[in-house]
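An overview of the molecular structure
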Amino acid sequence: MRRWVEVRHGSYHDSVTLMRVSREVGRLGGVAGAMAAMATELNLEMLARMGFEVPAGAGPADLVVAIEAEEGALGGAREALDDLLTSARSAGGASAQAGPGSVPPARTTGAAARRSGAGLALVSVPGPHVFPEAMDALTAGLNVMVFSDNVPLDQEIALKEEAARRGLIVMGPDCGTALVGGAGLGFANAVAPGPVGLVAASGTGAQQVMCLLDAAGVGVSHALGVGGRDLSPEVSGRSALAALAALDADPATELIVLVSKPPAPRVADLIREAARRLDTPVVFALIGPGDDLTRATGRALERLGRAVPRWPRWPAPDPAAVPGNGTAPVPSRRPVTGALRGLFSGGTLRDEAAAILGAALGGDPARHGHLLVDYGDDAYTRGRPHPMIDPTLRLEAIAEQAADPGCGVLLLDVVLGYGADPDPAAALAPAIAGALRRRPDLAAVVSLCGTPGDPQDRDAQAAALRDAGAAVFASNAEAVRHALGLLPGGAAAGGTGAANGTHATDGTGADD
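Residues numbered from 1 in each chain as written. Predicted model: local features only at pLDDT ≥ 70, side-chain atom pairs only at ≥ 80, totals over all residues. Heavy atoms only, no water.

- The chain is annotated in an unreviewed UniProt entry as FdrA protein from Actinomadura viridis.

1. As for the packing of aromatic side chains
- Counted according to the given criterion, the structure contains two aromatic pairs.
- Relative to Phe187, the ring of Phe147 has its centre 5.9 Å away and its plane inclined at 50°; by these criteria the two rings are tilted. With Phe147 in the loop between strand S5 (143–146) and helix H6 (153–166) and Phe187 in the loop between strand S8 (183–186) and strand S9 (196–200), this pair connects stretches of sequence that are 40 residues apart.
- With a centroid separation of 4.9 Å and 50° between ring planes, the pair formed by Tyr375 and Tyr380 is classed as tilted. (Phe/Tyr/Trp six-rings, centres within 6.5 Å; stacked < 30°, edge-to-face > 60°. Helix = DSSP H or I, 4+ residues; strand = E, 2+ residues; numbered from the N terminus.)

2. What about the environment of Pro281?
- With respect to the element layout, Pro281 can be found in the loop between helix H9 (265–276) and strand S12 (282–286).
- Here the alpha-carbon distance between Pro281 and Leu255, two residues 26 residues apart in the chain, equals 5.4 Å.
- Setting aside residues up to four positions removed in sequence, Pro281 forms contacts with Glu254, Leu255, Ile256 and Arg303. (Contact = heavy atoms within 4.5 Å.)

3. Quick look at the nonpolar core
- In this structure, Val199, Leu244, Leu258, Ile271, Val282 and Leu411 are the most contacted members of the largest nonpolar core, which totals 55 residues.
- Residues in contact with Ile271, not counting those within four places in the same chain, are Leu231, Gly237, Ala240, Leu241, Leu244, Leu258 and Phe284.
- One finds Leu416, Ala425, Ala444 and Ala462 within the second-largest nonpolar core, a separate group that totals 31 residues. (Core = buried A, V, L, I, M, F, W, Y, C linked by side-chain atoms within 4.5 Å. Buried < 20%, exposed > 50% of the residue type's maximum accessible area, 1.4 Å probe, protein only.)

4. A closer look at the pattern of salt bridges
- Scanning all chains against the criterion turns up 25 salt bridges.
- Measuring nitrogen to oxygen at the nearest pair gives 2.6 Å for the salt bridge that ties Glu162 to Arg166. Here the residue Glu162 and the residue Arg166 both occupy positions in helix H6, the gap between them amounting to four residues, near one helical turn.
- Taking the relative accessible area as the measure of exposure, Glu162 reaches 13% and is therefore buried.
- On the accessibility criterion, Arg166 (40% relative accessible area) is partly exposed.
- Salt-bridge contacts for Asp351 lead to Arg350; the nearest nitrogen and oxygen are separated by 3.2 Å.
- For Asp351, a relative accessible area of 22% puts it in the partly exposed group.
- We classify Arg350 as partly exposed; its relative accessible area is 24%. (Salt bridge = Lys/Arg side-chain N within 4 Å of Asp/Glu carboxyl O.)

5. A closer look at the sheet that holds strand S2 (residues 31–38)
- With antiparallel pairing, three strands are arranged side by side in an open sheet as S1-S3-S2. Across the chains shown, the open sheet's two edge strands, defined by having one partner strand only, are strand S1 (2–8) and S2. Each adjacent strand pair in this sheet contributes to an overall mean axis angle of 5°, direction not counted.
- With seven bridges joining them, S1 and strand S3 (residues 63–69) adopt antiparallel strand pairing. Pairing of Arg3 across the sheet is with Glu68, part of S3.
- Against the sheet, helix H1 (residues 15–26) engages S2 and S3, with an angle of about 165° to S2.
- Contacts from helix H2 (residues 41–49) reach S2 and S3, with the element oriented near 165° to S2. (Pairing = 2+ DSSP bridges. Axes fitted to C-alpha atoms, helices over the stretch in contact; angles between N-to-C directions.)

6. A closer look at the state of the cysteines
- Counting across every chain of the model gives zero disulfides.
- The thiol of Cys211 is unpaired, and the distance to the nearest cysteine sulfur, on Cys449, comes to 3.9 Å.
- Here Cys211 falls in the buried class, since its relative accessible area comes to 4%. (Disulfide = S-S within 2.5 Å.)

7. Points about the environment of Ala443
- Relative to the elements of secondary structure, Ala443 occurs in strand S17 (residues 443–449).
- C-alpha of Ala443 to C-alpha of Ala402: the two residues are 41 residues apart in sequence and 9.9 Å apart in space.

8. Examining the sheet that holds strand S6 (residues 170–171)
- The three strands lie next to each other as S4-S5-S6, forming an open sheet whose pairing is parallel. Edge strands, defined here as strands with exactly one partner in the open sheet, are strand S4 (120–123) and S6.
- Bridging between S4 and S5 involves four bridges; their strand directions are parallel. Bridging across to S5, Val123 finds its partner in Val146.

9. Details of unusual backbone geometry
- In this structure, the amide linkage connecting Gly172 to the following residue, Pro173, adopts the cis form with an omega of 5°.
- Looking at the element boundaries, Pro173 is found in the loop between S6 and strand S7 (177–180).
- Positioned with a positive phi, Asn150 is a non-glycine residue whose angle comes to about 60°.
- Residue Asn150 is classed as partly exposed on the basis of its relative accessible area of 30%.
- Residue Ser236 is not a glycine yet carries a positive backbone phi of 60°.
- Within the fold, Ser236 resides in the loop between strand S10 (220–225) and helix H8 (238–248).

10. Observations regarding the pairing of S4
- Burial along S4 is one-sided: Ala121 and Val123 are buried, while Leu120 and Leu122, pointing the other way, are not.
- Traced from S4 through helix H5 (residues 130–139) to S5, the parallel crossover comes out right-handed. (Right-handed = clockwise from strand over helix to strand, strands pointing away.)

11. Details of the confidence of the model for the chain
- Looking at the chain as a whole, its pLDDT mean stands at 87, while 89% of the residues score no less than 70.
- Low pLDDT (under 50) marks residues 94–98, which in the prediction has four contacts with non-local residues, meaning those over four places away or in another chain.
- Here residues 491–512 is a poorly scored stretch, pLDDT under 50, and it has 45 contacts once near neighbours within four places are set aside; other chains count. (pLDDT = per-residue confidence, 0-100.)

12. As for the pairing of strand S11 (residues 255–260)
- Most of S11 sits inside the fold, with six of its six residues counted as buried.
- Side chains Leu255, Val257 and Val259 project from S11 onto one buried face, and the interleaved Ile256, Leu258 and Ser260 project onto a second face that is buried too.
- Sheet analysis places S9 next to S11, joined by five bridges and oriented parallel. Note that in S11 the partner of Leu198 across the bridge is Val257.
- Both S11 and S12 contribute to a ladder of five bridges, which runs parallel. Among the inter-strand pairings, Leu258 is bridged to a residue of S12, identified as Phe284.
- The parallel pair S11 and S12 is bridged by H9, and the resulting crossover is right-handed.

Written out as structure tokens, the structure reads:
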């Protein structure tokens, strides 16, 4: 193996692009590891842990690229990396060819805004560097979507107060998805325009609601993410209140759905009081005891006078249809005896699973031996691509859990859409099939969040995961209840109505 490292001073690419490039190069034959990243302190530490020695003098404004590969593969990998970076820059419209007489590229967000007439800036830089970029955009009159996480709380509050003074909205920090005027930002699904507007303090929660609405034939006007901390006591719903007002003023929005984990009680009262003053009705989708995103979507459909459909599902195949390895027969399935292991890429989908399990089991799922992990949490994504882009951590977890006799059911989410892995089933389906071959007493359930219009083709992804042996559900809540029903004694407590395709619209008093 050979290691190659290069620092490109003054070259910049956003973190999402660099994660994709790292992943694409890392997948090439003969490549043991690859990383393209801005030379922040955190990323330099990550490179050092990977065994690379970075030349002195590299700083946050520099791009560092590193590849470990077999001798014969290194040259091709370097060319592939350069091609990917060039393609990304071309797609982004950046000009590296400025010459005499040409207009030099804008050096600041505000300068770019003044040239383009844009109304919104998407900021995706390391969290500690977000504040000046976002403030520059606000000063230039732009709404701001902050994709980055790890932004200090006091800076988030300062940005949102400045936005309020200017009549603008700050979406985020850690705003992973948004849909503005039909344009998806961050991780976004392909949905049709329609009458429902979303205010979301939860990225994958918003995606789940939008995808279920799409399955019911209902489109979305806008989805405004506000960041996971917006409904905390400290931030006090500053962006949620601004987003509610904006959607209320939008003539294309007939109904607003507010998606969040349960907010702080004082903030919840504030938001509900604001919702009552709007002309547009608001449905609350607050994950917690007695409610989930699928039920809330059902209430939204009923509020629109629409029927609630049977949500798409792809049942697990007969065990004999699960692919063998070519040499060993496929073992007959045996009853599940172990606990549930939930390996999630979406934090909200993980929290929804925990709430459903907790309600069914009468307490913390961990006390019953179950484990639910959000691999999209900051603890797992520092210096790494998000699991919606790179499945590496979850592939390792699948293998680890399948080797544990205490694991009885694997529960995974797969989130599709723009910005996500272009073919997640290509890696996950073989891992699931291999685990089921090795463990006749193991079951796999997948929550598939996507639409038929997504670039990954939801139905093709579902078919690949089903053919690997998994039961696949478009509703995360139904997937969780199905998984719970597979556990020993779980059917009685696990909401078998969901597994049979029914839905509950009890309202739970959540809506105004």
